[in-house]
Amino acid sequence: MANFNFPTQPQKQNSGGKVFPSDLLQGDRQYYTTLSFTDYSFSSFLPQFFGGLNFAGGYKLPLPKRINDVNSQLWSEVHASDMVPGLMQMGGSVGGVSFLSALQFMTYQRPAYKEHELQWTLSAANREESDNLKEMIKDIKASSAPSLTGKGTSYKYPKICQVSFNPGEYLFKLKPCAVISVAVDYTAAGGPSFYKSGAPTVIGLSLRLKEIQLWTREELMQG
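Residues numbered from 1 in each chain as written. Predicted model: local features only at pLDDT ≥ 70, side-chain atom pairs only at ≥ 80, totals over all residues. Heavy atoms only, no water.

With respect to the overall build of the protein
The criterion, for reference: Think of it this way: any DSSP run of H or I at least four residues long counts as a helix, any run of E at least two long counts as a strand, and we number them from the N terminus. With a 1.4 Å probe rolled over the protein chains alone, any residue whose accessible area is under 20% of its type maximum counts as buried; one over 50% counts as exposed, and the rest are partly exposed. Every accessible area reported is derived by Shrake-Rupley at a probe size of 1.4 Å, with residue values counting cover from the shown protein chains alone.
Per the secondary structure count, the protein includes 5 helices and 12 strands. Taking all 223 residues of the protein together, 30% fall into the buried category. Only carbon and sulfur atoms are counted for the fraction: they give 54% of the accessible area of the protein, which is about 15,000 Å².

Take a look at the structure:
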């Protein structure tokens, strides 16, 4: 009897509510985004003095629709009169031709904090996935918001988010991020559309993030 080697369907690896969809991790197909959260502390913005942050666990989602890396620098236009007291911005007219002083130059301030917007369109395959996605979104929203402290008289900082992509060798790394906004579209199917359970059939999730640490040339060279 012939011995056929038919391809087999990858086995689902269900990691509960920490992974969406539940079959995201499939054997060698390891393409996902990890979102982890931790409390804001001095080590968040001065890791060189206070050590790194401890991001444990986290959620795994598919890779977002767009993976863009924008590096910006802050420069300012300065005139010499701004730098030297008493020096006036000179100008005049020679032979009927008007002119202005060319004593204008650019000064460097610092790197800009990098910003990112990550977007997903997510659809649950069953009631369990709908419940997992609901809890995941609720936790992300809660992590991005402050909590009350001091008997309700002051706010405690929201949590800081660490994002990583897998595979990431040819992409880029993100430093810890403040979550600026969490936007959820419950009509991402093009209009209101629900399962019998009442769960939306398609949900759009968008996170706007801003890194809280600056990048240097040496760090960018390291990748």
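A word on the sheet that holds strand S11 (residues 177-185)
Put simply, the test is: Two strands make a pair as long as DSSP finds a minimum of two bridges between them. To obtain an axis, a line is fitted to C-alpha atoms, over the contacting stretch when the element is a helix, and the angle between two such axes runs from 0 to 180 degrees between their N-to-C directions.
Strand order in the open sheet formed by 6 strands is S2-S1-S10-S11-S12-S7, and the pairing between neighbours is antiparallel. The sheet is open, and its two borders are formed by strand S2 (59-61) and strand S7 (115-122), each paired with just one other strand. Looking at each pair of strands side by side, their axes are set apart by 30 degrees on average, direction ignored.

A short note on the side chain of Glu-129
Test applied: Each polar contact in these results corresponds to two N or O atoms within 3.5 Å; when the atoms are within protein, one needs to be able to donate a hydrogen and the other to accept it, and residues that are neighboring in sequence are counted only if both atoms are side-chain atoms. Throughout, a residue-residue contact means that at least one pair of heavy atoms, one from each residue, lies within 4.5 Å.
By the secondary structure assignment, Glu-129 is in helix H4 (residues 127-143). When its relative accessible area of 5% is taken as the criterion, Glu-129 is described as buried. In terms of polar contacts, Glu-129 uses its side chain to reach the backbone amide nitrogen of Ala-125, at 2.8 Å. With near-sequence residues (within four places) excluded, Glu-129 lies in contact with Phe-20, Pro-21, Ser-22, Asp-23, Ser-123 and Ala-124.

Remember, this is a structural readout, not a statement about activity or role.
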